[in-house]
Structure formats: structure tokens, C-alpha cells
Amino acid sequence: MESSKLKREKDSQISDELNELRMESSELKKARDSPISDESYRRSSFPDEVLERVISLLNSHRDRSSVSLVCKDWYNMERWSRTHVFIGNCYSVSPEIVAQRFPKIRSVTLKGKPRFSDFNLVPQNWGADVHAWLVVFAAKYPFLEELRLKRMTISDASLEFLASSFPNFKALSLLSCDGFSTNGLAAIATHCKNLTELDIHENDIDDKGGGWLSCFPESFTSLEVLNFANVTSDINFDALERLTGRCKSMRVLKVNRSISLEQLQRLLANAPHLTELGTGSFSQELTPHQYEDLESVFNNCKNIHTLSGLWEVKGLYLPALYPVSTHLTFLNLSYAVLQSDELAKLLVHCPQLRRLWVLDTVDDKGLEAVGSNCPLLEELRVFPADPFDEEIVHGVTEAGFVAVSYGCPRLHYVLYFCRQMTNAAVTTVVQNCPNFTHFRLCIMTPGQPDYLTNEPMDEAFGAVVKTCRKLRRLSVSGYLTDLTFEHIGRYAKNLETLSVAFAGSSDWGMQCVLAGCPKLRKLEIRDCPFGNAALLSGLEKYESMRSLWMSACNVTMNGCRLLAREMPRLNVEVMKEEGSDDDGRADKVYVYRSIAGRRRDAPSSVLTL
Amino acid sequence: MQGVVAIGGGGSESGSMSTVSREENMVVSSEDSSYPDESGLELGLGLSLGGFKVNQVSKGGGQYARILTAKDLPSVVSSAGGSASSSLSPSSSSSSSSSSLSRANITAGTKRTADSVAAAIGSSQVVGWPPIRAYRMNSMVNQAKAVATEGFNATEENHKSETSMVEKNTIGSYQSSGNAKIRKSLFVKVNMDGIPIGRKVDLNAHESYEKLAKTLEDMFLKTNTSVNPVVSRAREHGLMNQITRPSKLLDGSSDFVLTYEDKEGDWMLVGDVPWEMFLTSVKRLRIMRTSEATGLGTQIRILC
């Protein structure tokens, strides 16, 4: 946490310098009335070398984008010095274009499918296959070191290709991806001699067994980050023990459920410098002696600030974590079924907590304990343990949410799944915590009003956008009229991402948002009564956004065709349902800006208009 | 029916269902007495004590509809594409806008206005909702089972086999594109008048009332008052005269009728609503002596 804060300070220092440079340069531009700068004029006021040096220190891709827009020289200087490229939508640009512009890339982050693919709203073969990218990278970036993919499809063959094409390859991170099996991981383990990071997180993996872990050669010692929590089958524990023993720089280790407490204890004994730990199953029957060993090994791990895993947790064993809990800043209990008293007892020992993820089995009482014990809390996520059970006999309510807000004024990120909520509660929460940047509230029954007053939840989200001026991400739920969207359009001036489901009364709602939110980048809508008028009101807007998703709304094929015709730089894709009648309704629409033109790998169920 | 999972072998064969689940279904129902004399008063249901019809007036201000049979109500399968407007539209329910979901709302849904688009849908019927990653859902299926719901203690072994089956099927159904619903186990208690020990039955393992009745008959009627599965099996083979028709419990020809308690706490006769609807409202089952069952209604409350 500290290092990222320092980094941000450094970045902002550089940004300040940059602003000065920018101002100077724009004055020069005005004076000269021409984008092509005069070498002698510029050199006299500012040497190239300094400029290059400053620009090369920039890390934020947004800053770099700004830099590249100043003038041609700056554009060139920036592109030659960029080493990391972030591509938020893999279809917005082609790998060839990227390689053409940035010759010195060593690290790539690529995101593919629309976010609703996480919830099975996107057909399996939709696309976002990384292979074409890898082929270009192998030719243009032979010294590629890092690849981070989110919602992409990657096959075992691609993983093998990756493993054998980049001798310097260091870091692979796969989040919410699919298309591969443990055989692909075996290829990575076998061939990537310089690997420092293997982060396999929440993917759809074809698990063919744990043999892949044994593929790391005995001579291999460079691993610093290993997260295989996602890959559930049993691995060879001896191989893992030896691996962690010889990788002396390992700082992040997140094992899977097959690892028992006793095994965990042995791993930790060899890795006392870990900063992030994901345990395996936390429920083995331990003898007192074994428990003591566990406690003492945690006592030795003074650097752990992030803890996760804890599957099948036995509340009885949580005290073993107390030595570590005092300096925990991130505690992920979202796979640990804990009751309120168990959580409360643990949180007494976690005063430094900044981020907490829990299941709603902890109830409102557990959240009260959060409010009482964690004054520094900045992020809270409450997941439902049993979301499809409609019996309202458990879970968290508005009371828990309010309790946390009283105790945690620094809260700025919340993801809250609940079965009931009130306008009053949300209003209170944002009064207590006005600094929300991310507010994601999911009232799980679609279209449910304030359960006490029976009113729509408009007032709640109105309060959110009026009070939280720094709001960047908002997910709304419950019974909402267009009024909610009027509020959003009027007040949410920093909003970048908006997710809407089962809400709104008419086109007007969506129009308000499109007209009123200048920084909107991602808009995802499902099951709302927004139609063509709404869709088309955002014509120019969509080019300033990354993407728009609309499913089960009232847009028609003709509306989409019109959009596609008017805005040639947008790709307008319609996903047709199997066997749905061709009544002109566009079931799922995905619109995104692109300089690569229409994509050529769309399956037959996806029409690009 | 899409996505229905037959857990435990489908339940139609008394052998397979019973052997898998017999152990875990044995419950000593001490607090939940099945003795008819106590249960009526204790549960406060006014069962056949004259007060029953009063209970049946809808709490939410709804009204009686005509008696609906399975023929009147189409199936409750959620529509394609995750659309909020389901294909279900019971003829006698009120429905203001065409896109609003109308289903016979047996749960206390009076809080929802008629205009609300998806007001009456439970979250379990909509694809991709609530918005939780499939990975997390699959991980939680295993563990949610570990949370005691009604206090039944499944043995560790049975628990694992049950959850692993559920997990596989859940993964399968969750990850297929489009229309699959999540199907998981729906175990409910079953008590029979005169038998001290209750059982549990997985409703989602049966596709129809016939199958359910058959299972229950196999569980209860063939064993008489004996709880010993071995003994009752022997008896079953020996005494073939007992069950001839498949649905004695349903057609009123036996000494017992099958009833269920719904979410409102009222006891209803099983069989009058479509199977799917029954699944969403049933809390537990009771095999009641026919003599006790007078006054039980079959009306469905439709809330406007």
C-alpha cells in the first residue's frame, strides 16, 4: 500500500512538471500557429533530453495519452519511451497498429469481452481470442516480459506459443479468462525460465489435474508471485514445498483448497517474507501441537498485509491468525462462511484494515463489528452466500450498511449485495461517507422498491450522486424511475462507469445520462425500457466512450443500423439469440469505438452492422 | 424442462433414491412434532379446526380467484435471453403493462406496484442475475451447503457427494449460454401423521407430482411404522398388495393426503398448481390423515 502511495505522489509530481511543460508548449503553439514545432525555437527554451527524461518517467497511460496529443514531437517521444501498453478493449485497435506505434513495449494489459460475459450474457464463442495478438508480439516484441489478460480467450496452444516465443517472459496474469486447461499452465511452468509472476485468478479453466505445478524445473528459482487458488485439483505438495523453498524472493503465495492447514504451516515455515497469503482449506482437525505450530509460523510472518482463501474455515482456528491480523490491510473472507460472532472476534485484531471482503453470512451484526473495529476501512464488499434463495431469513440489510458507514468515514469503495434497502439508509450512508468513488449496490430482487415506504429508490441514488462528487463508478438496482437518471445526469460529473438493470421508465432516463455525464466511458444496461430514441441520443457520445452494452431493452435492428450508418467509427454488434423470432428486436447490442474497423473473427451469432 | 437436475438418481426408483439419501433423511423431529393432536395447535395453523378458511384470506389484501388447476397455468420456465418479461401469464392475474411479469404471486408480494417491470420475479429465475461471477457461484455452491439451514446434520460423506453433484450440475447449467436456470437441491422436510421420524426429500430431483408421490409412498406407506430400512425393504418385497396405483396420495383414494405448507404458513393440498410454482412456494410437506384434511383448500391467492 505504501509503495503505491509513493508512486502516486511521484506520478503527481511528474504530472505537475508535465503541466508546466504543457502550458509552455501550448503557448509556443499559439505563438506559432502550427503543430510542427520549430527546432531552434524549442531548443532554446527546453532541451529534448530533459523532455524525454520527464516523459519516460510517466507510468500512467492516461498521462501518456495526454502527452501524445500535445504535438508531433511529444507524440514521438512518448511512443518511443512507452514500455507498457494498456488496451481496454481488444477490438478497439489491432495488434499491428499497436506494434507500429509503440516499438518498445515490454508489458501488455489486454481486456476483451464485455463485462456482462462474467454473468453468462455473452455467447461462449464471442471472440476476444488473444492468439492473433501473440503472433504479432512474437514478431515485434520478442523481449516481451509481461502479459495481463482480462476476459480474454486463450487456448493451451496459445499458452505454449507464449511460453516458447518470449525468452524474457516474466509475468502472466489471467483474470476471468477462458479457453485453456492446466496443460497450458504446464507449458508456462516448463518453459518460462525467468518467470516471476503466475497469477491465475477466477478463470474458467478446464482442470485436468495438478501435475502442472510439478513442471517447474528444479533449477527454477525466480518466482515471486504464485496464485493458483483458481486451479482446484490436488497438486503434488512436495513439489510445491520445494518450489517455495527455493524461490527465496517469493512474496505472494495463494494456494488452492487442496492445501491443508498442516501443509500451509510447512509452506510458511519456508517463506516468512510473504506479503500476501492465500490459504487453502482452513478446517483440518489439528492436534494442540499442530495448532501451536501454526500459530508460531504465523507469528513469524510479520510482513503479511493481505490474506485470503480460508475455505471451509473453522472459526475455532481463526485465533491462529491473530499475530498476522494486526498488520493486515486487506482481508478477503469472501469464500469463508463466517457467522457474525466469529467475524467480530477476528476484527478486534484487525485495526489496520483498509479493504474487507465478506460473505453476507456475517449478517448485520458482523457489519456492526466492522464499523466498531476498522476505522481506517476504505473498501467493503459483501457477497451473498446463497443468492438464489429467496427466503429473507438471512443476509445483510440496510442496517448493516448504515452501521459500517458510522464507523468507517473513509469508506470510498462499496459493493453490497442485499435483499432489502431503504432510501433513508442510503442517504445516511453517503452523509457519513461522502467520498465514495465506487458505489455498487445490488438489491437482489429485480425492481424492488424501498421496503419500508414502498417508494422507488430514486432518492437513494440521487443522494449518492449529489453527495459524492468524486464518484467514478455506480451500479444501481431496485425499483427506479427516470428520476434516478435525471439525478445522475445532473450531478454525476465524474462518473465513468454506470451499470443499470431492471430500471428506468422511458427513453428519457438514458438520454439524461448520455447528455449529462461528460466523463462516461462505460455504460452497461440490461432489462430496461430504453429504446431507439435513447440509443440514438448518444450518437456523438459513444466515440468518447469505450463501450455501450444494452440487452433485453427496446432497441430494434433498425435503430442499430441507423447508429452504425451514422457513426462509421463505431462497431455496432448485435448478438442474436438462438431461435428468436426475427421481429426486429435487437436482443443484445454492444457498441464500441474502434480504429481497427469491424472485427473479422465474429461468430455467426454476432452481426456487425 | 430446461436445467432440471435429477440428483440422487431421479427418485423414481425407490431403491436408488432411498439408498442414497436414506441416512441423511432420517431426522428426529422432536421440536417439530408430527403428532396430529399437537401439531394443529402448536403450529397455529388452525388446521381443520375451523379456523382455516380465515387464514386463507390473503394477508395482503388479495382475493380468491377461481380454483386453478394445472391446465390453466402454463409453465413457469423463464423466457429466453434473460428477459424480464416471462412467458408466464396466468389468466386470472392482474397485469397492467404488457411487459410486467405476472405470475400467481404466492409470496407476500404486496409491496410491489403493478407497474414494476420485474416486480414479481425472484432472482433465481433471471439469467445472469444477481451479477456474480460464475467462478464465485461455483465455489459458493459447495460451501453454502455447509451452512445449516434447517438444522439437519447430513453426514460428512453424504454431504460431499451431494455437493459435488450439485456443483457439477450447477457449473453445467450456469455456464451454458442463454437460458439455463440454476438447479440445485431443494430438500424439504416430510412428516407423516403417526410416524415420529420425519424424512427429507429433494424436490428438484423429481419432475412431477407423480414422481414425488411415488417416492413418498415408497418412503412412508410401504414401511408402515417401521423406520428400519432393511426391515421395511423386506416387507416391501413381501407385501406387494399395498401400492397398485402410482399416485394414491394424489387421487384421494388412500387414507392419507399429501399436503404442503407454503411460504405464507398455510397448509394446502398438493397437486393443484403447476409443479414449478409448487416448487417456489413449498416449505415442507406433510402426509396427513384424510380425516384431518377437511377444510383444506386448494385456492391460490392471486395478488393484484
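If you're wondering where the values come from, they're calculated on a predicted model, not measured in any experiment.

Calculation notes
Residues numbered from 1 in each chain as written. Chains lettered and ligands numbered in written order. Predicted model: local features only at pLDDT ≥ 70, side-chain atom pairs only at ≥ 80, totals over all residues. Heavy atoms only, no water. Buried < 20%, exposed > 50% of the residue type's maximum accessible area, 1.4 Å probe, protein only. Helix = DSSP H or I, 4+ residues; strand = E, 2+ residues; numbered from the N terminus. Pairing = 2+ DSSP bridges. Right-handed = clockwise from strand over helix to strand, strands pointing away. 1 Å grid on protein atoms, 1.4 Å probe; cavity = no way out; pocket = protein on both sides within 12 Å on 5 of 7 lines; lining within 4 Å. Points joined across faces, edges and corners; volume = space filled by probe spheres on them. Nonpolar A, V, L, I, M, F, W, Y, C, P; charged D, E, K, R; others polar. Axes fitted to C-alpha atoms, helices over the stretch in contact; angles between N-to-C directions. Parallel < 35°, antiparallel > 145°, perpendicular 65-115°, else oblique. Contact = heavy atoms within 4.5 Å. Phe/Tyr/Trp six-rings, centres within 6.5 Å; stacked < 30°, edge-to-face > 60°. Lys NZ or Arg CZ within 6 Å of the ring centre and 35° of its normal. Polar contact = N/O pair within 3.5 Å; in protein donor to acceptor, adjacent residues only side chain to side chain. Left-handed = near helix turned anticlockwise from the far one by under 90°. Salt bridge = Lys/Arg side-chain N within 4 Å of Asp/Glu carboxyl O.

Draft legend 1. Structural view of the pairing of strand 19 (residues 522-526) of chain A. All names here are of chain A. A large share of strand 19 lies buried, amounting to four of its five residues. Pairing of strand 18 (residues 497-501) with strand 19, which is carried by five bridges, proceeds in the parallel orientation. Of the residues in strand 19, the one forming a bridge with Val-500 is Ile-525. In this view, the connection linking strand 18 to its parallel neighbour strand 19 by way of helix 20 (residues 507-516) has right-handed handedness. For strand 19 and strand 20 (residues 547-551), the ladder comprises five bridges, and the chain directions are parallel. Within strand 20, the position partnered with Leu-523 by the bridge is Leu-548.

Draft legend 2. Layout of empty space enclosed by the protein. Under the defined criterion, the tally for this structure stands at eleven cavities of 30 Å³ or more. Counted as a void, the largest cavity has a volume near 200 Å³. Lining the largest cavity are 19 residues, with A:Arg115, A:Ser475, A:Ser499, B:Trp129 and B:Pro131 positioned closest to its centre. Going through the elements one at a time, strand 15 (413-418), strand 16 (438-443) and strand 18 of chain A are the ones with two or more residues in the lining of the largest cavity. Its residues assigned to classes, the lining of the largest cavity comprises twelve nonpolar, four polar and three charged.

Draft legend 3. Molecular detail of the packing of helix 8 (residues 156-165) of chain A against helix 9 (residues 182-191) of chain A. All names here are of chain A. Between helix 8 and helix 9, the least distance of the axes is 8 Å, while the angle of their chain directions is 5 degrees. Between helix 8 and helix 9, the interaxial angle falls into the category roughly parallel. Residues Asp-156, Leu-159, Glu-160, Leu-162 and Ala-163 of helix 8 lie in contact with helix 9, whose contacting residues are Asn-183, Gly-184, Leu-185, Ala-187, Ile-188 and His-191. Along the lines of polarity and charge, the residues of the contact of helix 8 with helix 9 split into six nonpolar, three polar and two charged.

Draft legend 4. Broad picture of the side chain of A:Thr481. If you trace the backbone, A:Thr481 turns up in the loop between strand 17 (473-475) and helix 19 (482-491). Contacts of A:Thr481, omitting those with residues within four sequence positions, involve A:Pro456, A:Asp458, A:Gly504 and A:Ser505.

Draft legend 5. Fine view of the packing of aromatic side chains. All names here are of chain A. As enumerated under the stated definition, the model contains 28 aromatic pairs over all chains in all. Taking the centre distance of 6.0 Å and the plane angle of 50 degrees together, the rings of Phe-116 and Phe-119 count as tilted. Since its relative accessible area comes to 4%, Phe-119 is described here as buried. With a centroid separation of 6.5 Å and 45 degrees between ring planes, the pair formed by Phe-166 and Phe-169 is classed as tilted. Like Phe-169, Phe-166 is buried. Taking NZ or CZ as reference, Arg-599 lies 4.5 Å from the ring centre of Tyr-91, over its face.

Draft legend 6. Summary view of helix 10 (residues 237-246) of chain A. Residue and element names in this part refer to chain A. Extensive coverage of helix 10 is indicated by the burial of eight of its ten residues. Residues of helix 10 that are buried include every one of Phe-237, Ala-239, Leu-240, Glu-241, Leu-243, Thr-244, Gly-245 and Arg-246, and no others. Buried residues belonging to helix 10 abut strand 8 (225-227), strand 9 (252-254) and helix 11 (261-269). Structurally, the start of helix 10 carries an N-cap: the backbone nitrogen of Asp-238 is 2.9 Å from a side-chain oxygen of Asn-236.

Draft legend 7. How the structure looks around the pairing of strand 6 (residues 197-201) of chain A. Residues and elements named next belong to chain A. Most of strand 6 sits inside the fold, with four of its five residues counted as buried. Sheet topology note: the strand 4 (residues 171-175)/strand 6 ladder contains five bridges and is parallel. Bridge assignment links Leu-172 to a residue of strand 6, and that residue is Leu-198. Where strand 6 lies against strand 8, three bridges are found, and the strand directions are parallel. Note that in strand 8 the partner of Asp-199 across the bridge is Asn-227.

Draft legend 8. A look at the packing of helix 7 (residues 131-140) of chain A against helix 8 of chain A. Residue and element names in this part refer to chain A. At a minimum axis separation of 10 Å, helix 7 and helix 8 run at an interaxial angle of 15 degrees. It follows that helix 7 is roughly parallel to helix 8 by the angle criterion. Helix-helix and strand crossings are classified by hand; for helix 7 and helix 8 the assignment is left-handed. Judged by residue contacts, His-131, Leu-134, Val-135 and Ala-138 of helix 7 engage Ser-158, Phe-161, Leu-162 and Ser-165 from helix 8. Here the residues of the contact of helix 7 with helix 8 sort into five nonpolar, three polar and no charged.

Draft legend 9. Summary view of the pattern of salt bridges. Residue and element names in this part refer to chain A. Summed over all chains, the structure comprises 33 salt bridges over all chains. Between Arg-251 and Glu-224 there is a salt bridge; the shortest N-O distance is 3.5 Å. Of this pair, Arg-251 sits in the loop between helix 10 and strand 9 while Glu-224 is found in the loop between strand 7 (204-206) and strand 8, placing the two residues 27 residues apart along the sequence. Relative accessible area serves as the criterion here: at 25%, Glu-224 is assigned to the partly exposed category. A salt bridge links Lys-254 to Glu-276, with the shortest nitrogen-to-oxygen separation between them at 3.3 Å. Highlighted residues: Lys-254 in strand 9 and Glu-276 in strand 10 (residues 276-278), separated in sequence by 22 residues.

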